[in-house]
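Notes for the structure review
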Amino acid sequence: MPLPSSSHSSLAAAGSPDINVTIEHFIARLKRRQIDGPYPMALETLQLLKRFISQARWSHVSELIEQIRELANRLEKAQPTAFACGNVIRRILAVIRDEVEEDMRGNVPLASTSNNVAEPMISSMFNLLQKPEDNLQQQQQQKQQKQRSNKNKTDFRQVAIQGIKDLIDEITNIDDGIQQIAIDLIHDHEILLTPTPESKTVLKFLLRTKERSNRRFTVLVTEGFPNNTANAHEFAKKLAHHNIETIIIPDSAVFALMSRVGKVIIGTKAVFVNGGSISSTSGVSAVCECAHEFKTPVFAVAGLYKFSPLYPFDVEKFVEFGGSQRVLSHMDPELRLDTINPITDYVPPENIDIYITNVGGFAPSFIYRIAWDNYKQVDVRLEL
């Protein structure tokens, strides 16, 4: 697929034609929604970014940062709700910026700064009074300082690639950290409810609890009609295969059964800095609202790569909608009736009690602190 010559000229200059073709193919898959779930999306984005950085051409680290930001901007525009793409690239940008700051602290100029700022008048007059030997020693120190700076410029590529490898390891081993907490949260003979049967993290969360603690508990799975019914049945089948009592309930029965439920466990697609989250299943917000009324604790399981530095000012922009064929599949085609079929849902922070992550459990009010430990404010908005 050819690359447009006008809009993406800087990316074309950044790498070889092969990486540009790979980028265009990845963007096309994002637009067609052929990448299912934030987990594979994050890993594929990191693999693409590693190839991009390896082949990028730049003379200063600021150029590399701009090229990476432009790539992230294109991926986010391809699918605005693909938060995992932007999250992992922002994590790598934070790694590079931290290395730049550390390099600047280590390379404090002696007589002049690296950005061509004139040295103070007093310093210049003092240099005239110095001995020739002192001036020669100062010139040697400046030369060594310049050589060190040039050497560090070539090291930024290695720092970025190593950061990508570390992040890939973190994502691939993310379930281990989450499952360690699960054993202490689920009690014997407890009734649990999950409205997100498509979440592999929730599935492993429950299976690991059964394997390590051998506790007996019951899981209620909402049907998720019309978009998630197949996932609900597959989820229940996997739990039953591991001797976990599982019951599929219609969505309308949640309010009647909530008084018997001990905990609600949900999976997330993205977690925002305000503590709210996007779920990849419609109806999750209603379940959490019901749990809030009954004082039933709601636990959200999410890996750190799902934490986004964005704030949901416009919630409707993040909620996706599907076609009406599944809702009215047997309707007379001659009848015209508009239907709304949301396929994702937003859960406000007040309806979530705790987030269980691979680095520990946190209240929704503390999510902003976790986010700013991994991102930079300057990279929140990637528009050029």
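The coordinates are above.
Since the structure is predicted, the reported quantities are computational estimates derived from the model, not experimental observations.

Here we take up the overall build of the chain. Counting its regular elements, the chain contains 14 helices and 12 strands. When contacts within the chain are restricted to residue pairs at least 6 apart in sequence, those whose partners lie at least 24 apart make up 81%. In the form shown here, the chain has an accessible surface area of approximately 20,100 Å², with 53% of it arising from carbon and sulfur atoms.

Below, the discussion takes up the nonpolar core. Counting 43 residues, the largest nonpolar core has Leu49, Ile68 and Ile96 as the members making the most contacts within it. For this core, the elements supplying multiple residues, two or more each, are α2 (17–31), α3 (38–55), α4 (61–78), α5 (83–106) and α7 (132–172). In this structure isoleucine 96 touches Val61, Leu64, Ile65, Ile68 and Ala160, once residues within four positions along its chain are discounted. Listed in part, the 26 residues of the second largest apolar core include Val254, Val284, Cys290 and Ile367.

Moving on, we come to the sheet that holds strand β6 (residues 277–279). Taken together, the 3 strands give an open sheet; going across it, the order is β5-β6-β10, and neighbouring strands pair in antiparallel fashion. A strand with exactly one partner marks an edge of an open sheet, and here the two such strands are β5 (270–271) and β10 (345–347). Across 3 bridges, β6 lies against β10 in antiparallel orientation. Along β10, the bridge assignment pairs serine 279 with aspartate 345.

Taken as a whole, this structure holds 0 disulfides when the rule is applied. Between cysteine 288, a free cysteine, and cysteine 290, which holds the nearest cysteine sulfur, the sulfur-to-sulfur gap is 9.8 Å. Accessibility expressed as a relative area gives 0% for cysteine 288, which makes it buried.

Moving on to helix α8 (residues 174–185). For the α-helix, the turn length of 3.6 residues means that residues three or four positions removed from each other point alike. Taken as a whole, α8 has its buried residues at Ile174, Asp175, Ile178, Gln179, Ala182, Ile183 and Leu185. When α8 is viewed along its axis, its buried side chains cluster within an angular range of 155 degrees and face the same direction.

With that out of the way, let us pick up the packing of aromatic side chains. If you walk through the whole model with that rule in mind, you get 6 aromatic pairs. Aromatic pair phenylalanine 255 and phenylalanine 294: ring centres 5.1 Å apart, planes at 70 degrees, arrangement edge-to-face. Taken together, the residues phenylalanine 255 in helix α11 (residues 254–257) and phenylalanine 294 in the loop between α12 (284–293) and β7 (298–301) connect sequence positions 39 residues apart. Judged by relative accessible area, phenylalanine 294 falls into the partly exposed class, the value being 30%. On the numbers, 5.9 Å between centres and 15 degrees between planes, the contact of phenylalanine 362 with phenylalanine 366 is stacked.

The next thing to look at is the sheet that holds strand β1 (residues 191–194). The strand order across the open sheet built from 7 strands is β3-β2-β1-β4-β7-β11-β12, with neighbouring strands paired in mixed fashion. Looking at the sheet topology across the chains shown, the edges are occupied by β3 (245–249) and β12 (360–362). The mean angle between the axes of side-by-side strands here comes to 25 degrees, regardless of whether they run parallel or antiparallel. Together, β1, β2 (218–222) and β3 form the strand contacts of helix α10 (residues 229–241), whose direction differs from that of β3 by roughly 165 degrees. On top of the sheet, α12 reaches β1, β2, β4 (263–267) and β7; it is set at about 155 degrees to β4, its chief contact.

Residue phenylalanine 225 is joined to proline 226 through a cis peptide bond whose omega torsion reads 5 degrees. Secondary-structure assignment places proline 226 in the loop between β2 and α10. Its identity as a non-glycine residue notwithstanding, lysine 295 has a phi of 60 degrees, on the positive side.

Next up on the list: the pattern of salt bridges. Oppositely charged side chains can form a pair if their charged atoms are brought close together. One pass over the full model with this rule turns up 10 salt bridges. Salt-bridge contacts for lysine 263 lead to glutamate 190; the nearest nitrogen and oxygen are separated by 2.6 Å. Of this pair, lysine 263 sits in strand β4 while glutamate 190 sits in the loop between α8 and β1; the two residues are 73 residues apart in sequence, bridging distant segments of the chain. With a relative accessible area of 8%, lysine 263 lands in the buried category. For glutamate 190, a relative accessible area of 10% translates into the label buried.

What counts, and at which threshold
- Residues numbered from 1 in each chain as written.
- Predicted model: local features only at pLDDT ≥ 70, side-chain atom pairs only at ≥ 80, totals over all residues.
- Heavy atoms only, no water.
- Helix = DSSP H or I, 4+ residues; strand = E, 2+ residues; numbered from the N terminus.
- Contact = heavy atoms within 4.5 Å.
- Areas by Shrake-Rupley, 256 points an atom, 1.4 Å probe, with all protein chains shown as cover.
- Core = buried A, V, L, I, M, F, W, Y, C linked by side-chain atoms within 4.5 Å.
- Buried < 20%, exposed > 50% of the residue type's maximum accessible area, 1.4 Å probe, protein only.
- Pairing = 2+ DSSP bridges.
- Disulfide = S-S within 2.5 Å.
- Arc of directions from axis to C-beta.
- Phe/Tyr/Trp six-rings, centres within 6.5 Å; stacked < 30°, edge-to-face > 60°.
- Axes fitted to C-alpha atoms, helices over the stretch in contact; angles between N-to-C directions.
- Salt bridge = Lys/Arg side-chain N within 4 Å of Asp/Glu carboxyl O.

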